Amino acid sequence: MLALPLKQASKLELDRALHRFVSLNYSEEVADKHRAHLDEVHELRAKAEKAPVLSEKNAPSQRETLIKYHALIHSMASRFGESAEKRGKTTMNIMFEWRDSFSTTVKSAQYDLRYERACVLWNIAAVTSYQGTMTRREDSEGIKRACHLFQQAAGLIGLVIELARCCEWEACTVDMSVDSLECMQQLMLAQAQKTIYEKAEKDGMKQTLVAKIARHAALTYEDVLRRMNAPKLKANLDRGWPLVADWQAHYFHGVTQWHASMEAEEAHSYGLQVGRLNVAHEKLSALLKLAKQAPADVLERYASVAAKVQAKWTEAVRDNDTVYSELVLAPKDLPPIEPRQVAKAAKPTDLEVPVLSASEDPFCELVPFEVLQEASVFTSRVDDAVREIKDAAYAHAQLVTAELEAMDLPQALQACETDSDIPDKLRIEIERVQRAGGDAALAGALQQISALSEDAHSLAMSIDSVLEVEAGADGQLKSAHGARWSVLPSASLTQELARDLAELRLKLERAGGADGELAARFAAKREALRILELPIAVLRDQVPRATPGAKLADLRCTKALRTLLDQLDLLRARRDKLVSEARRLASGEDVTSALVHRAERKVAEIQEQALEKYDVMTAQCSAMLDEQSGLLQQLFADNEEFTKARIEEGSDEGRQNLFRALNGAVGAYDEITTQFSEGIAFYTGMLDRLSELQQRVGDLAEARAIERRELIAHMSTPQPTPQQQMQAQQAQQMQAQQAQQAQQAQQAQQ
């Protein structure tokens, strides 16, 4: 079994490069805040860049270090890698240099964080393959573990192949070329298939299946040998590797025919048996000549199998010559054996979720601007989804209110209940309103909305001012220095921020119109709400006595109406709970991490997946409307009977009028309270988003100020003329000559 060699990296000062990147793309304050984390990354890289001599003792810890560093690289990629360059940001501008794993004197350096990731993945594969070779395969569990490790190594090389194909690094080492990587992946799969063959043979599986497994191993080793013999790869590899692939190809071609001959013997096809044994004997005999330089234990295993095949071949030839006399098939006439591939590349489970938690990811607070914009778009979509659910629930409630009002419910029903008192259910609602603060609470909420609105508008103006100052400073320096001013124009960097600000301002403008309508609605309802300010005892005194001898309360239709109204109340409570749940989910919704670490996933896919739960809630709200419609239909039928009974008995209009006023006031209070709460929540959310935008704008302005200061300092430093540069070079050459002459004179004296 062969293990991939480790790559060795050149030393690298990652902490300084990362600090500069964060300073320029976020702010110097943010960079200083992350200094300890940057040092931690540097230390981890220092451990990962070494290529120690692997042993069974240190391999697990080395693999753990590499996997942890790979997870950090994955986290860094969206902030410091190619995506930053695509956004026009300052990249790390640092060179990652690694040696060829086979020709260790050859190096390759790339200004690409993906190259660093590819090399680290290679080393994880190398350690994994080493663990596979060192796994003892005396029992089934050992064989399964070795197979699993080789399949993982193949999966890791597959990830490197994906990176190599999409990046096409120039002047790359041979081991990181796609041809070499595909060869190594096939080698790992061949070794995994070999372990599967060993298990199939040990478990006594049918000879047909064992032969098919061996056949695929033979073909895979043949493919590896063909790839290794390509001029570019052959010159780079250890010369023993193609030999091993050749030995294994001969071995598995031989044992394939050996196992197939056993199947032929069981079927009494003796001519076919001898034909297959002829090929097996030929292949294994040739193997013993080829593998004279093989390690003793390997050569011993080959010789043992060859001896078994020779003994069986001698016996089968003798039996067929003396007893069966069947026609022996030539090699070209033997029925083909269909290969059975069992080994497949597998991604290690500890690489399946490379996204680190906030406690593990030192860069969790560094979110690229375009990700924040994508998250803002998602937040708007969530707001729209919640608004759709809320509006649907409100429309349902308004429909019920209108229908009940047309049927004079529930006051007509309440009028026939307890004499000289407020019905318990209505009394509980009135007490709830009074405990909540009544009219004073509503007036305070309206004032709070007004204050929040002013704060939001003020914050928006402050952000606008910073953007204007940034644009002015950029334009002023561009005019002063002309073509020498090479800093990226502010407009290209602030365009997204200005667009976000314009969007938030538009929402504030629309909200301002809604606030006016809400204040007018409160003023219109205020007089009707005053009845709720009266103490319960006073309200009880105002309840007229019921008509003597009334029997409406005991009728079937009356009881049915009570039940239906209770069911409508329960349905309303479920609907309100659904709206509250949608708001709760929206308040904690955050796809920022998923967007940062999206890899190949599309933004739309991430957003749609996160929005699925709101689609479910919308469907639930629609189902509640259907349920409500059914209850209202039953209510219409029972109310007709109830209305006839009221007419016959004579209605208590005074009681109905009072209860109508109280029910209407409670309903109006709840409606206005809900709208005020939504207004407060809206402005609170707007302030949060504006504060976040203000932070982004401030960070950009600070980073731009640093960048401008550095460029001004650079332009202010006198640059030597060509003549001065030539004179300096001549002076250096003269100093070098004088030093050399002095050294020669000193050696002559000695």
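Residues numbered from 1 in each chain as written. Predicted model: local features only at pLDDT ≥ 70, side-chain atom pairs only at ≥ 80, totals over all residues. Heavy atoms only, no water.

1. Looking at the overall build of the protein
Definition in use: A run of DSSP states H or I qualifies as a helix once it reaches four residues; a run of E qualifies as a strand once it reaches two. Both are numbered from the N-terminal end. Residue exposure (1.4 Å probe, protein chains only): buried if accessible area is under 20% of the type maximum, exposed if over 50%, otherwise partly exposed. Only heavy atoms enter the contact rule, under which two residues are in contact if any of them lie within 4.5 Å. Per-residue accessibility takes into account occlusion by the displayed protein chains alone, with areas from the Shrake-Rupley method and a 1.4 Å probe.
Scanning the protein for helices and strands turns up 24 helices and two strands. A total of 750 residues make up the protein; the buried ones form 45% of that total. For the protein, the proportion of contacts with a sequence separation of at least 24, taken over those separated by at least 6, is 84%. Summed over all atoms, the accessible surface of the protein reaches about 38,600 Å², with 52% contributed by carbon and sulfur.

2. Regarding the side chain of Gln411
Keep this limit in mind: Two N or O atoms form a polar contact when they lie within 3.5 Å of each other; inside protein one atom must be a possible hydrogen donor and the other a possible acceptor, and for residues adjacent in sequence the pair counts only when both atoms belong to side chains.
Along the chain, Gln411 falls in helix H15 (residues 411-415). Within the structure, Gln411 has its side chain in polar contact with the side chain of Asp408 (distance 3.0 Å). Look past the residues within four positions of Gln411 in its chain and what remains in contact with it is Gln656, Phe659, Arg660 and Asn663.

3. Points about a negative patch on the surface
Operational definition: Only residues whose relative accessible area exceeds 30% and that form no salt bridge enter a patch; like-charged residues are grouped when within 9 Å of one another, and nonpolar side chains (Val, Leu, Ile, Met, Phe, Trp, Tyr) when within 5 Å. Any Lys or Arg side-chain nitrogen found within 4 Å of a carboxyl oxygen on Asp or Glu counts as a salt bridge. Under the counting rule used here, the positive set is Lys and Arg, the negative set is Asp and Glu, and His together with the chain ends is not counted. To locate a charge, the coordinates of NZ of Lys, CZ of Arg, CG of Asp or CD of Glu are taken.
On the surface, Glu388, Asp391, Glu612 and Asp615 cluster together into a negatively charged patch. Contributing elements (two or more residues each) for the negative patch: helix H14 (369-406) and helix H22 (603-649). Here Asp615 lies in helix H22.

4. Some points on unusual backbone geometry
Here the bond from Leu409 into Pro410 is cis, since omega is 5 degrees, no more than 30 degrees from zero. Unlike most non-glycine residues, His268 shows phi in positive territory, near 60 degrees. Within the element layout of this structure, His268 appears in the loop between helix H11 (240-266) and helix H12 (270-290).

5. Considering helix H13 (residues 296-324)
An α-helix turns once per 3.6 residues; consequently, residues spaced three or four apart project the same way. Threshold: Between the first and last residue of a helix there are one fewer steps than residues, each counted as 1.5 Å, and that sum is the expected span.
Here H13 is 29 residues long and its end C-alpha atoms lie 40 Å apart, about the 42 Å a rise of 1.5 Å per residue gives. Within the sequence span of H13, burial applies to Val298, Tyr302, Val305, Ala306, Val309, Ala316 and Asn320. For H13, the secondary structure elements touched by its buried residues are H11 and H12.

6. Observations regarding the nonpolar core
To be explicit about the condition: In these notes, a set of buried Ala, Val, Leu, Ile, Met, Phe, Trp, Tyr and Cys residues joined through side-chain atoms within 4.5 Å is what counts as a nonpolar core.
Ranked by internal contacts, the top residues of the largest apolar core, which has 105 residues, are Leu4, Met184, Leu187, Met228, Tyr251 and Phe252. Take this core: its biggest share by element is 13 residues, from helix H7 (residues 140-167). If sequence neighbours within four positions are ignored, Phe252 has contacts with Lys194, Tyr197, Ala214, Ala217, Ala218 and Tyr221. Formed by 43 residues, the second largest nonpolar core is a distinct cluster that contains Leu452, Leu459, Ile672 and Leu693.

7. Observations regarding the environment of Thr563
Topologically, Thr563 is positioned in helix H20 (residues 556-587). Of the residues examined, Thr563 reaches a relative accessible area of 41% and is grouped as partly exposed. Along the primary structure Thr563 and Leu635 are separated by 72 residues, whereas in three dimensions their C-alpha atoms are 9.7 Å apart.

8. A closer look at the packing of aromatic side chains
As a reminder of what qualifies: Here a Phe, Tyr or Trp ring, Trp counted by its six-membered ring, pairs with any other such ring whose centre lies within 6.5 Å, and the pair is stacked when the planes are under 30 degrees apart, edge-to-face when over 60, and tilted otherwise.
The final tally for this structure, using the stated rule, is nine aromatic pairs. Taking the centre distance of 5.2 Å and the plane angle of 85 degrees together, the rings of Tyr251 and Phe252 count as edge-to-face. With respect to burial, Tyr251 and Phe252 carry one shared label: buried. An aromatic cluster is built from Tyr197, Tyr221, Tyr251, Phe252 and Tyr302, whose rings are joined through pairwise contacts.

9. A few points about the packing of helix H8 (residues 178-202) against H11
Rules: Lines are fitted to the C-alpha atoms to define the axes, a helix being fitted only along its stretch in contact, and any angle between axes, read from their N-to-C directions, falls within 0 to 180 degrees. When the near helix sits turned anticlockwise from the far one by under a right angle, the crossing is termed left-handed; a clockwise turn instead gives a right-handed crossing. Polarity classes work like this: nonpolar for Ala, Val, Leu, Ile, Met, Phe, Trp, Tyr, Cys and Pro, charged for Asp, Glu, Lys and Arg, and polar for all others, with Gly in that last group.
Two elements in contact, H8 and H11, have axes whose closest approach is 12 Å; the angle formed by their N-to-C orientations is 35 degrees. Crossing of H8 against H11: the hand is left-handed. Contacts between H8 and H11 involve Met184, Leu187, Lys194, Tyr197 and Glu201 from the first element and Trp241, Gln248, Tyr251, Phe252, Val255, Trp258 and His259 from the second. Considered class by class, the residues forming the contact of H8 with H11 number eight nonpolar, two polar and two charged.

10. Description of the environment of Leu66
Within the secondary structure, Leu66 sits in helix H4 (residues 59-80). Separated by 18 residues in the primary sequence, Leu66 and Ala48 place their C-alpha atoms 5.8 Å from one another.

11. Structural notes on the environment of Arg689
Position of Arg689 relative to the elements: it lies in helix H23 (residues 653-716). Look past the residues within four positions of Arg689 in its chain and what remains in contact with it is Ser376, Thr379, Ser380, Asp383, Glu503, Leu504 and Lys507.

12. Some points on the pattern of salt bridges
The full count for this structure, using the stated rule, is 39 salt bridges. With a shortest N-O distance of 2.8 Å, Arg137 and Glu198 are connected by a salt bridge. Here the residue Arg137 occupies a position in the loop between helix H6 (113-134) and H7, and Glu198 occupies one in helix H8, the gap between them amounting to 61 residues. Judged by its relative accessible area of 23%, Arg137 falls in the partly exposed class. We note a salt bridge from Asp383 to Arg689, for which the minimum N-O separation is 3.7 Å. Of this pair, Asp383 sits in helix H14 while Arg689 sits in helix H23; the two residues are 306 residues apart in sequence, bridging distant segments of the chain. In this structure Asp383 comes out as partly exposed when scored by relative accessible area, which is 27%.

13. Structural notes on the confidence of the model for the protein
Here is the rule we go by: pLDDT expresses, on a scale from 0 to 100, how confident the predictor is about each individual residue.
Residue-level pLDDT values for the protein average 84, and 85% of them are 70 or greater. Per-element mean pLDDT across the protein ranges from 47 in helix H5 (residues 82-86) up to 95 in helix H9 (residues 207-228). When the criterion is pLDDT under 50, residues 83-90 qualifies, and its contacts beyond four places in sequence or with other chains add up to 17 contacts. This model gives residues 746-750 a pLDDT under 50, and the stretch forms zero contacts once residues within four places in sequence are excluded.

14. A short note on helix H3 (residues 35-48)
Definition in use: The arc in question is traced by the directions running from the helix axis to the C-beta atoms.
Between its first and last C-alpha atoms H3 spans 20 Å; for 14 residues at 1.5 Å apiece the expected length is 20 Å, and the two agree. The complete set of buried residues in H3 reads Leu38, Val41, His42, Leu44, Arg45 and Ala48. Along the long axis of H3, the arc covered by the buried residues comes to 165 degrees, so they all point the same way. Seen from the buried face of H3, the exposed residues on the opposite side, beyond 90 degrees, are Ala36, Glu43 and Lys47.

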